[in-house]
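# Fold and contact review
One letter stands for each residue in the lines below.
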Amino acid sequence: MFEHIPPFAGDPILSLNEDFQKDPRPHKINLSIGIYFDDAGRIPVMDSVRRAEAMVVAKGGPKPYLPIEGAANFRTAVQHLLFGAGHEAVTSGRVATIQSVGSSGGLKVGADFLATYFKGSQVWVSDPTWDNHRSMFEGAGLTVNTYPYYDAATGGLKFEAMLATLRGLPAKSIVLLHACCHNPTGVDLTRAQWEQLIPVLRDGQLIPYLDLAYQGFGDGIEQDAYAARALASAGVSFFIANSFSKSMSVYGERCGALSVVCPNAHEAALVLGQMKFTVRRNYSSPPIHGGQIVATVLTDPGLRQSWETELGAMRERILAMRTQLHAVLAAKVPGRDFGYFLTQRGMFSYTGMTTAQVDTLREVHGVYMVRSGRICVAGLNSGNVEATAVAMAAVLAG
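All of the points below concern the structure found in this document. (Residues numbered from 1 in each chain as written. Predicted model: local features only at pLDDT ≥ 70, side-chain atom pairs only at ≥ 80, totals over all residues. Heavy atoms only, no water.)

Each aromatic ring pair is summarised here by two numbers: the centre-to-centre distance and the angle between the ring planes. One pass over the full model with this rule turns up 14 aromatic pairs. Summarising the aromatic geometry, the rings of Phe137 and Tyr209 are spaced 5.5 Å apart at their centres and angled 85° between planes, so their arrangement reads as edge-to-face. Placement of Phe137 in helix 6 (residues 131-139) and of Tyr209 in strand 8 (residues 207-212) is noted, with a sequence separation of 72 residues between them. Tyr209 matches Phe137 in its accessibility class, with the two residues each being buried. (Phe/Tyr/Trp six-rings, centres within 6.5 Å; stacked < 30°, edge-to-face > 60°. Helix = DSSP H or I, 4+ residues; strand = E, 2+ residues; numbered from the N terminus. Buried < 20%, exposed > 50% of the residue type's maximum accessible area, 1.4 Å probe, protein only.)

The subject of this paragraph is the environment of Ala179. With respect to the helices and strands, the residue Ala179 is situated in the loop between strand 7 (174-178) and helix 8 (191-203). Accessibility expressed as a relative area gives 8% for Ala179, which makes it buried. In this view, Ala179 contacts Trp194, Leu210, Asp211, Leu212, Asp224 and Ala227; residues no more than four positions away in its chain are not counted. (Contact = heavy atoms within 4.5 Å.)

To continue, consider unusual backbone geometry. Generally, phi is negative for residues other than glycine and the peptide bonds are trans, each holding for most cases. Omega for the bond connecting Asp127 with Pro128 falls within 30 degrees of zero, at 5°, which places this linkage in the cis form. Within the secondary structure, Pro128 sits in the loop between strand 3 (123-127) and helix 6. Its identity is not glycine, yet Lys172 carries a phi of approximately 70°, on the positive side. By secondary structure assignment, the location of Lys172 is in the loop between helix 7 (159-167) and strand 7. Take Lys172: its relative accessible area is 35%, and that puts it in the partly exposed class. The backbone of Ser249 shows a phi angle near 55°, a positive value even though the residue is not glycine.

Here is the structure:
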């Protein structure tokens, strides 16, 4: 019956991670998968999250189905985190939010919603973007195109080319944007560039779709929400999917949300209703446990402060790894400018290495990175950063 079904080629990043696990070399280094590891190479259990989970478990009680849209305290906490409790978009009730199964679940619900109610609209993603962006939107039946973004020559942004492309798009085109900590390049728009971009989105009647998976890993929790707050203040209607996988180290709990900023509360109610219908015919309702851990951290003042401190330390550790990687590479390969490692932000960086060089790093030196040359900087630590830089320098030197 199923002989006509083609084999699954596998996810390139997850497959690479599986290959790493099978590698018997004791000094292998994994910079492929997008997970935050501490300086001992372990996924941390944050103290604020551990305490919040103990409080959730201590409450006990029955475990009914959540409402389709998720728990009210979680949804409110998400809106306050993204926009601020006093933001007009929140206080006027024009933000529709659902609790989703990770931000991937939120992205897909939004994609299905757009495919239903904006027929004929096409999606535009940055070149490059996270591989799964294309898969999810195409899986919803939407056509996916790219706009210029990463400049391989400088390790920076092709901002003028990006603006020119977006200015030429038809109204109601869907534009996928990374709110901060761009995956995979680590190249972000500055605030000044967002201020130039927002009128292009608004005047062109485009539909921005923000992905905010790394809030707190760029410049800080409040600072990394700048794009979302600026768009809302400018009167732009847009989608934003956000995740707590990295920022609270709760990957397997699948804690995320999808919010849609609408022109008014009436339209927000319409959007929320149809997003609920989209969820109902998919996974029906989200799980309780992880969402309540997140809500507890965000709403308990003591836990919130503890979480912000812990997240700040994670961000600073990544910055320290960037600095150390840059220092060793600059010393080992003096004729090349590695300054982009210091300007790129968040968990990822494009190294500028070719596919052949990436393969040599893996096969000869046991350093695993995605074949595009992307590394997860959070996979570096004080015990492997110099070895990584030395191996990269050796491969670059030929």
